[in-house]
Amino acid sequence: MPSRITLVFERLRLARVLMMVVVTGTTAFGFGATPARAGLAAGSAGLLSLGCFLMDHLFDLRKDRTAGRTTNPFAAGSLAPRAGRVVIALLLLGAAALAAPLGWPALATVGGVILTVVGLGIGVLDTPVLRAVSLGAIQGLYALLGGLSAGPPGAGLGFTALFLLLAMTGGRVLGDVRDSEEDARAGTLTIPLRYGVRASIVFLFCFELLAYLAGVAMHVAGALGRGWLWCLIAIAVTGTAINVSFAVRPSPRSADIANRLSLGLLGGLYSLGMVLARLVP
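What comes next concerns the included structure. Since the structure is predicted, the reported quantities are computational estimates derived from the model, not experimental observations.

**Description of the packing of helix α7 (residues 128–148) against helix α8 (residues 155–178)**
Each pair of packed helices can be described by the angle between their axes along with the distance between the axes.
Working step 1: At a minimum axis separation of 7 Å, α7 and α8 run at an interaxial angle of 150°. The angle between α7 and α8 places the two elements in the roughly antiparallel class. Here α7 and α8 pass one another in a crossing that is right-handed. In contact with A132, V133, L135, G136, A137, Q139, G140, A143, L144, G147 and L148 of α7, α8 contributes L157, T160, A161, L164, L165, M168, T169 and R172.
Working step 2: Class assignment for the residues of the contact of α7 with α8 results in 12 nonpolar, 6 polar and 1 charged.

See below:
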């Protein structure tokens, strides 16, 4: 049985909240934001991601009850839906309040994340491919929020958002393969369930390749320093090795391992690359 602390981390997705905070903050730093503005962007990302994760749990309440998922605090009975709506509203209002001093583009980015989560929740974006692309777009929007704290958007920031969109869209199939049994019980149609594991592997490699090309464009168009290029090479080599290890023996367990490694190692390398992009010209 998982410990109480582990359950809290899983139900609130605190590890992923931390990742959003770090990605947003380091992107802000990489594009030259002041510490104060980078802090506002990172704080907004933390409140926004926690609020959106809870909103996603609320939308998935019936499905997760059917699937028997204990990681949904509403389905597990640890948080009442009415109280959850109040908490979600406060978190999203707090995220908007922190983003407002950064300007209307940052505030619009916060709105874009919320609208995407709502679109997924009400089923507008809930098709196998659109679901994966939407989740990738959310990650790209967090990077955009960080970059906008440094000033007006440029081509470099656009390619940065595109890099994360493509990388996370492709990587989404790892989580889908991992959760395939629960998704099948809940009736959630994902890329592996709709098109099969083999097609999912092709989807994964194609999107990761496109992401690496966008990463090169970040260096060229965004004038990011050599530090980013070094980390991009490390991301490409490590990411390809992780994906190949999954493709050789695809299973829910190998997908879970690959997903954890991708989020931890590759997310860390991205953040390190953003820092080095500013420190190493």
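**Remarks on the pattern of salt bridges**
Working step 1: Applying the stated criterion across every chain, the model contains 5 salt bridges.
Working step 2: The shortest N-O distance in the salt bridge between R131 and D126 comes to 3.1 Å.
Working step 3: Here D126 falls in the partly exposed class, since its relative accessible area comes to 25%.
Working step 4: The salt bridge partner of R172 is D176, with a shortest N-O separation of 3.2 Å. Of this pair, R172 and D176 both sit in helix α8, separated by 4 residues, roughly a single helical turn. This pair shows no difference in class: R172 is buried, exactly as D176 is.
Working step 5: A cluster of three or more residues bridged by salt bridges with shared partners is formed by K63, D126 and R131.

What counts, and where the lines are drawn
- Residues numbered from 1 in each chain as written.
- Predicted model: local features only at pLDDT ≥ 70, side-chain atom pairs only at ≥ 80, totals over all residues.
- Heavy atoms only, no water.
- Axes fitted to C-alpha atoms, helices over the stretch in contact; angles between N-to-C directions.
- Helix = DSSP H or I, 4+ residues; strand = E, 2+ residues; numbered from the N terminus.
- Parallel < 35°, antiparallel > 145°, perpendicular 65-115°, else oblique.
- Left-handed = near helix turned anticlockwise from the far one by under 90°.
- Contact = heavy atoms within 4.5 Å.
- Nonpolar A, V, L, I, M, F, W, Y, C, P; charged D, E, K, R; others polar.
- Salt bridge = Lys/Arg side-chain N within 4 Å of Asp/Glu carboxyl O.
- Buried < 20%, exposed > 50% of the residue type's maximum accessible area, 1.4 Å probe, protein only.

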